[in-house]
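Observations on the three-dimensional arrangement
Letter by letter, the chains look like this.
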Amino acid sequence: MKYNVNDKGFYGDFGGAYIPEMLYSNIDELNKNYLSIIEEDSFSKKFNYYLKKYVGRPTPLYYAKRLSEKYNSKIYLKREDLCHTGAHKINNTIGQILLAKELNKKKIIAETGAGQHGVATATVCALMGMKCVIYMGEVDIERQRPNVERMKILGAEIRPAISGSKTLKDATNEAMRHWINNPDDTHYIIGSVVGPHPYPDMVARFQSVISEEVLYQLDEVEDRNYPDYILACVGGGSNAAGIFYHYLDNKKVKLIGIEAGGMGIETKKSAATTTLGNKGILHGSKTLLMQDKNGQVTEPYSISAGLDYPGIGPLHAHLFDSKRGKYISVDDNDAMNAGLELSRLEGIIPAIETAHAFAVFDRLEIKNRVVVVNLSGRGDKDLETYIKWGKY
Amino acid sequence: MNRINKLFDKKDNILSIYFTAGYPSLNDTNYIIKTLDECGVDMIEVGMPFSDPIADGPVIQNSNNIAIENGISISLLFNQLSQIRTFTQIPITLMGYLNPIYQYGYDNFINKLITCGIDGVIIPDLPLSDYKKHFKSSFNKYNLSYISLVSPNTSEERIKEIDSISKGFIYVVSSSSITGKKSEFSKNQIEYFKKINKLNLSNPTIIGFGISDKKTFNSACKYSNGAIIGSSFINSISSVKLNESIIQFVSNIK
Ligand SMILES: Cc1ncc(COP(=O)(O)O)c(C=O)c1O
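Since this is a predicted model, take the numbers as computed values, not measurements.

**Some thoughts on the overall build of chain A**
- Within chain A, the secondary structure is distributed over 16 helices and 14 strands.
- With the C-alpha coordinates of chain A rotated into their principal frame, the extents come out at 55 × 45 × 45 Å.
- Pairs at least 24 residues apart make up 74% of the contacts formed inside chain A by residues separated by at least 6 positions.
- Surface summary for chain A: the accessible area is close to 14,000 Å², and the carbon and sulfur share equals 49%.
- Of the charged side chains in chain A, 49 are positive and 48 negative, and the gap between their average positions amounts to 1 Å.

And the structure:
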């Protein structure tokens, strides 16, 4: 079984490029060039330079002693929350903006849910002196205020997406429409391993630096370079793809993706795509999708804006379908409690997206096992939600 | 030959109207088709609504949302269309995004096209490779038209490939834009229309996206076999005076 993308842009049955003709030339241009650009020495030199000097990589692999004691396990945290801008998202935006420059693009657009990808995009646009427009659902603008202001301070223009559920899905629609209207000078920096091929593969490659580091960091503290379990939250699935990447073919490693259960699977107010979804086509790729029997995409719900998406990346759909990965859902309540627990036990307030990944220790057989959790982002942007939640 | 081929054989300056099934009211579909036919419209595109129409502007997004709220679905649309050929012979294509068709089932969908007497389909996000794999042999066998879009950024080589696969007409997207963006044609657009004409394609062409009134319709007809009007029509129809608003709109164009 092959878990990575094939030469037609598919992961098993999933992936592809289901796009209107107006986007064909842009996607084709990317497809024909992305590998040769990324694999060029001069490109990886630049990429690594910015990751090291600007983002602050490598991020630590931290042994969480008190958390480990509580769960009778050996839990390591991959500290993506320490990246500049506070989440893994910037690994991808550095990569894509360097690629956009190689392709001679002058303007950048992006969608954002939690605002982390928007901030990471606005940041690299400021860094490279490029014009930046960010689409964000009106609902998300409300619940992620601090990030909205950060993007503005960085010089980005925020355009609210006011259609549909006014969240990440709709922001993505608007960004795609913008790209259709401005195909020549604009690059669209998609923020997760979603969208038409080659986006899922390209984003996964940029994020794969996470597991590249885990390989040697784990080797330094354990006497092997792989853990028994890897845990990561899954919205579109980019932080998970990044930390799974170099372990996809190592069957000794159990790959666990944690989805947002929202108010609970039964309530349908949820974003647990692998449980509630089935095969479908959205935003340019065939994947698992929450939809009604007529193929209309249903509006997801999660307390965390970054997981509030009705699909998942095609890589994850394939890992789920082939049973290589296991996907579990965690509802709002348990995620918030897990976030508070991590704060008290380790002194780390995680992003609410990330908190979901910390709520499943009881549901896995991790006793005395080596577990790596991707701490994808920090909770600064979520303070208002934590405060409203109370209970601390 | 199907109804589309026959139409293009005998006529130029073809006026095609797009509307969204299930809008303004759930069961308006047949009435709108009948009225458009009686007003002398040449061809009709019936939109199958989708929750996430990424190639569409606000007007068609809105009609899609209302139609879905009204309860339209592909299976209901086919029920509505089942008797269509008892009262009209106007060429009809269905236009919609792939996901609802995928859920309905490609074979079911093709069977219903045949039994209802639909002449062709436009599916903007269907890749050519998937068309070849899942649709082409039935389309050839039953003489259905597969209609593809080309845009200003479509390469000459690709336009020729699309032409070789299409049967009916080529849908020339007037500019790099989503539906509903209105403006007079620029010099660049006219160059692009001329370039397409010079390719001597085997299919006739129709220009669409941003055609909104008599003026833009007439200038589109100068460079192609006709034009499609969507957003502007949808904007102009009123649920309380459906009949009058349709007649009024068409008489303003023709
Ligand atoms: C901290 C953090 N983790 C995870 C995600 C979810 O995205 P992905 O599944 O692509 O990693 C987000 C998205 O905004 C985020 O901000």
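That covers the picture; the talk isn't over yet.
**Some thoughts on the pairing of strand β4 (residues 74-78) of chain A**
Residues and elements named next belong to chain A.
- Across the 5 residues that make up β4, a large majority, 4, are buried.
- Both strand β3 (residues 61-63) and β4 contribute to a ladder of 3 bridges, which runs antiparallel. Each residue of the ladder has a partner; that of Leu61, found in β4, is Lys78.
- Examined bridge by bridge, β4 and strand β14 (residues 370-374) share 5 bridges and lie parallel to one another. Across the sheet, Ile75 pairs through a bridge with Val371, a residue of β14.

**With respect to the domain arrangement of chain A**
Residue and element names in this part refer to chain A.
- Segmentation of chain A into domains returns domain 1 (20-50 + 89-203) and domain 2 (56-87 + 207-389).
- A separation of 22 Å is found between the C-alpha centroids of domain 1 and domain 2.
- Each partner contributes to the interface: domain 1 provides 34 residues, whereas domain 2 provides 38 residues.
- With both chains or domains summed, domain 1 and domain 2 bury close to 2,700 Å², and 55% of this area falls on carbon and sulfur atoms.

**Let's talk about the site of the ligand**
Residues and elements named next belong to chain A.
- Around the ligand, 19 residues are found, and the nearest of them are Ser192, Gly235, Gly237, Ser238 and Ser376.
- Where the shell around the ligand is concerned, the elements lending two or more residues are α11 (238-244) and α15 (352-355).
- Formed jointly, the shell around the ligand draws a minimum of three residues from each of two domains, domain 1 (20-50 + 89-203) and domain 2 (56-87 + 207-389).

**Notes on the packing of aromatic side chains**
- A complete count under the given rule lists 26 aromatic pairs over all chains for this structure.
- Where B:Tyr102 meets B:Tyr106, the ring centres are 5.7 Å apart and the plane angle is 55°; that geometry is what we call tilted.
- With a centroid separation of 5.9 Å and 90° between ring planes, the pair formed by B:Phe135 and B:Phe139 is classed as edge-to-face.
- Every member of this aromatic cluster is reached through a ring pair, and the members are B:Tyr102, B:Tyr106, B:Tyr131, B:Phe135, B:Phe139 and B:Tyr146.
- One cation-aromatic arrangement involves A:Lys279 over A:Phe14; the distance from NZ or CZ to the ring centre is 5.6 Å.

**Re a nonpolar patch on the surface**
Residues and elements named next belong to chain A.
- Together, Leu383, Ile387 and Tyr392 make up an exposed nonpolar region whose accessible area comes to about 340 Å².
- Mapping Tyr392 onto the fold places it in the segment after α16 (383-389).
- Relative accessible area serves as the criterion here: at 57%, Tyr392 is assigned to the exposed category.

**Re the interface of chain B and chain A**
- Counting from both sides, the interface comprises 34 residues of chain B and, opposite them, 31 residues of chain A.
- Here chain B and chain A share an interface that buries about 2,700 Å² over both sides, 52% of which is from carbon and sulfur atoms.
- At the junction of chain B and chain A, the tally comes to 2 salt bridges.
- Between A:Lys169 and B:Asp52 there is a salt bridge whose closest N-O contact spans 2.7 Å.
- Where chain B packs against chain A, one counts 17 residue pairs in polar contact (both at pLDDT 80 or more).
- Those elements giving two or more residues to the side of chain B that touches chain A turn out to be α3 (58-70), α5 (98-104), β6 (149-150) and α9 (156-165) of chain B.
- Broken down by element, the residue count for the side of chain B that touches chain A peaks at 5 residues, all from α5(B).
- Taken together, the residues that form the side of chain B that touches chain A break down as 18 nonpolar, 10 polar and 6 charged.

Cut-offs and rules
Residues numbered from 1 in each chain as written. Chains lettered and ligands numbered in written order. Predicted model: local features only at pLDDT ≥ 70, side-chain atom pairs only at ≥ 80, totals over all residues. Heavy atoms only, no water. Helix = DSSP H or I, 4+ residues; strand = E, 2+ residues; numbered from the N terminus. Contact = heavy atoms within 4.5 Å. Areas by Shrake-Rupley, 256 points an atom, 1.4 Å probe, with all protein chains shown as cover. Lys, Arg positive; Asp, Glu negative; His and termini not counted. Charge placed at Lys NZ, Arg CZ, Asp CG, Glu CD. Buried < 20%, exposed > 50% of the residue type's maximum accessible area, 1.4 Å probe, protein only. Pairing = 2+ DSSP bridges. Domains from an automatic or database assignment. Buried area = accessible area lost by both parts, 1.4 Å probe. Near = heavy atom within 4 Å. Phe/Tyr/Trp six-rings, centres within 6.5 Å; stacked < 30°, edge-to-face > 60°. Lys NZ or Arg CZ within 6 Å of the ring centre and 35° of its normal. Patch = residues over 30% accessible without salt bridge, like charges linked within 9 Å, V, L, I, M, F, W, Y side chains within 5 Å. Salt bridge = Lys/Arg side-chain N within 4 Å of Asp/Glu carboxyl O. Polar contact = N/O pair within 3.5 Å; in protein donor to acceptor, adjacent residues only side chain to side chain. Nonpolar A, V, L, I, M, F, W, Y, C, P; charged D, E, K, R; others polar.

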